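Residue-level structure breakdown
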Amino acid sequence: GAVVSQHPSWVICKSGTSVKIECRSLDFQATTMFWYRQFPKQSLMLMATSNEGSKATYEQGVEKDKFLINHASLTLSTLTVTSAHPEDSSFYICSARRGADTQYFGPGTRLTVL
Amino acid sequence: SQQGEEDPQALSIQEGENATMNCSYKTSINNLQWYRQNSGRGLVHLILIRSNEREKHSGRLRVTLDTSKKSSSLLITASRAADTASYFCATDPYSGNTPLVFGKGTRLSVIA
């Protein structure tokens, strides 16, 4: 089946630094990818929709200048958390839709900001 | 934004018992999906039920969908300790390039 990968699977960084997370669709092209965030013991919250070749669409309350999304190709979207702070510590999950019904999720990236 | 609520928020049962989780949503859907997530891990897709379907089975899983009440239920029969996880429903509002919208989830604990 189709696979979506994320890299890195976990990252620890110092407050104030930037972190880039990659999301790749391994065996299909994805014109649209989605980025979710999940805090401990909570559900997944959609952060933004990443569109290949155009600007991402952000959900209300998500700062576009803090969470930079680039969808440079049909198989790669990146999320950069700029000037990370401890409150940005979370589990970040990407997904890509293939066809009308099927959406594939990456394994997630755990970000810890010290 | 989240589509709706799941209940219960937490459920603790003995091994061998059945576990039922419910999900309500607010808008029209194309399909509804159930996912499982072990603590600190990624999502595992369990089952998808389309808006024109009322019931679906997969192994020990049984999902129902009532579009008139905008609700769904997930039944896990003969539960096992390994079923301990969080379970989320996710609604797909349209066909096409739209994201899934997740419910708040139910934390299931199966005690051996």
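Residues numbered from 1 in each chain as written. Chains lettered and ligands numbered in written order. Predicted model: local features only at pLDDT ≥ 70, side-chain atom pairs only at ≥ 80, totals over all residues. Heavy atoms only, no water.

**Structural notes on the layout of surface pockets**
Considered as a void within the structure, the largest pocket measures approximately 470 Å³ in volume. What lines the largest pocket is a set of 26 residues, among which Lys41 and Gln42 of chain A together with Gln37, Ser86 and Arg107 of chain B lie closest to the centre. Per-element accounting of the lining of the largest pocket gives the leading share, 4 residues, to strand E11 (residues 106-111) of chain B. Here the residues of the lining of the largest pocket are counted per class, giving 8 nonpolar, 13 polar and 5 charged. (1 Å grid on protein atoms, 1.4 Å probe; cavity = no way out; pocket = protein on both sides within 12 Å on 5 of 7 lines; lining within 4 Å. Points joined across faces, edges and corners; volume = space filled by probe spheres on them. Helix = DSSP H or I, 4+ residues; strand = E, 2+ residues; numbered from the N terminus. Nonpolar A, V, L, I, M, F, W, Y, C, P; charged D, E, K, R; others polar.)

**Side note on the confidence of the model for chain B**
In low-pLDDT segments, the atomic positions of the prediction should not be examined closely. Here chain B averages 92 in pLDDT, and 95% of its residues register 70 or above. When pLDDT is averaged over each helix and strand of chain B, the minimum, 79, is found for strand E1 (residues 6-7) of chain B and the maximum, 98, for strand E7 (residues 61-66) of chain B. (pLDDT = per-residue confidence, 0-100.)

**Digging into the state of the cysteines**
Among covalent bonds in proteins, the disulfide is the one between the sulfur atoms of two cysteines. Following the criterion strictly, the structure yields 2 disulfides over all chains and no others. Linked covalently through their sulfurs, cysteine 23 of chain A and cysteine 94 of chain A form a disulfide whose S-S length is 2.0 Å. Between cysteine 23 of chain A and cysteine 94 of chain A, the S-S dihedral sits near 80 degrees, and the bridge is therefore right-handed. With cysteine 23 of chain A in strand E3 (residues 19-25) and cysteine 94 of chain A in strand E9 (residues 90-98), the pair connects residues that are 71 residues apart, well separated along the chain. Cysteine 94 of chain A carries the same exposure label as cysteine 23 of chain A, and that label is buried. The disulfide partner of cysteine 23 of chain B is cysteine 89 of chain B, and the gap between their sulfur atoms is 1.9 Å. The chirality of the disulfide connecting cysteine 23 of chain B with cysteine 89 of chain B is right-handed, given an S-S dihedral of about 65 degrees. Here cysteine 23 of chain B, found in strand E3 (residues 19-24), pairs with cysteine 89 of chain B, found in strand E9 (residues 85-92); they are 66 residues apart in sequence, far enough to count as distant. The structure places no disulfide on cysteine 13 of chain A, whose sulfur is separated from the nearest cysteine sulfur, that of cysteine 94 of chain A, by 18 Å. You can call cysteine 13 of chain A buried: its relative accessible area is 10%. (Disulfide = S-S within 2.5 Å. Buried < 20%, exposed > 50% of the residue type's maximum accessible area, 1.4 Å probe, protein only.)

**Side note on the interface of chain A and chain B**
Every contact between the two is made by 21 residues of chain A and, on the other side, 26 residues of chain B. Summing the contributions of chain A and of chain B, the shared interface buries around 1700 Å²; its carbon and sulfur component is 50%. Counting the contacts that link chain A with chain B gives 1 salt bridge. Where arginine 97 of chain A meets aspartate 92 of chain B, a salt bridge forms, and the shortest distance between an N and an O atom there is 3.1 Å. Put simply, the parts of the chain that give the side of chain A that touches chain B at least two residues each are strand E4 (32-38), strand E5 (44-51), E9 and strand E10 (102-105) of chain A. Among the elements that take part in the side of chain A that touches chain B, E4 of chain A stands out by supplying 4 residues, more than any other. Of the residues assigned to the side of chain A that touches chain B, the class counts are 10 nonpolar, 6 polar and 5 charged. (Contact = heavy atoms within 4.5 Å. Buried area = accessible area lost by both parts, 1.4 Å probe. Salt bridge = Lys/Arg side-chain N within 4 Å of Asp/Glu carboxyl O.)

**Digging into the sheet that holds E3 of chain B**
Residue and element names in this part refer to chain B. Strand order across the open sheet formed by 5 strands is E1-E3-E8-E7-E6, with antiparallel pairing between neighbours. Among the strands making up the open sheet, the edge pair consists of E1 and strand E6 (55-58). Inspection of the sheet shows E3 paired to strand E8 (residues 71-76) by 6 bridges, in the antiparallel sense. By the bridge assignment for E8, methionine 21 is matched with leucine 74. (Pairing = 2+ DSSP bridges.)

**Some words on the nonpolar core**
Counting residues in each nonpolar core, the largest one holds 24 residues, and the members touching the most others are Trp35, Phe67, Leu79, Tyr92 and Leu111 of chain A. At the level of secondary structure, the elements contributing two or more residues to this core comprise strand E2 (10-13), E3, E4, E5, strand E7 (67-73), strand E8 (76-81), E9 and strand E11 (109-113) of chain A. Not counting the four nearest positions on each side in its chain, leucine 111 of chain A is found in contact with Val11, Cys13, Val19, Val81, Asp88, Ser89, Ser90 and Tyr92 of chain A. Core analysis: the second largest hydrophobic core is formed by 21 residues, Met21, Trp34, Leu74 and Cys89 of chain B among them. (Core = buried A, V, L, I, M, F, W, Y, C linked by side-chain atoms within 4.5 Å.)

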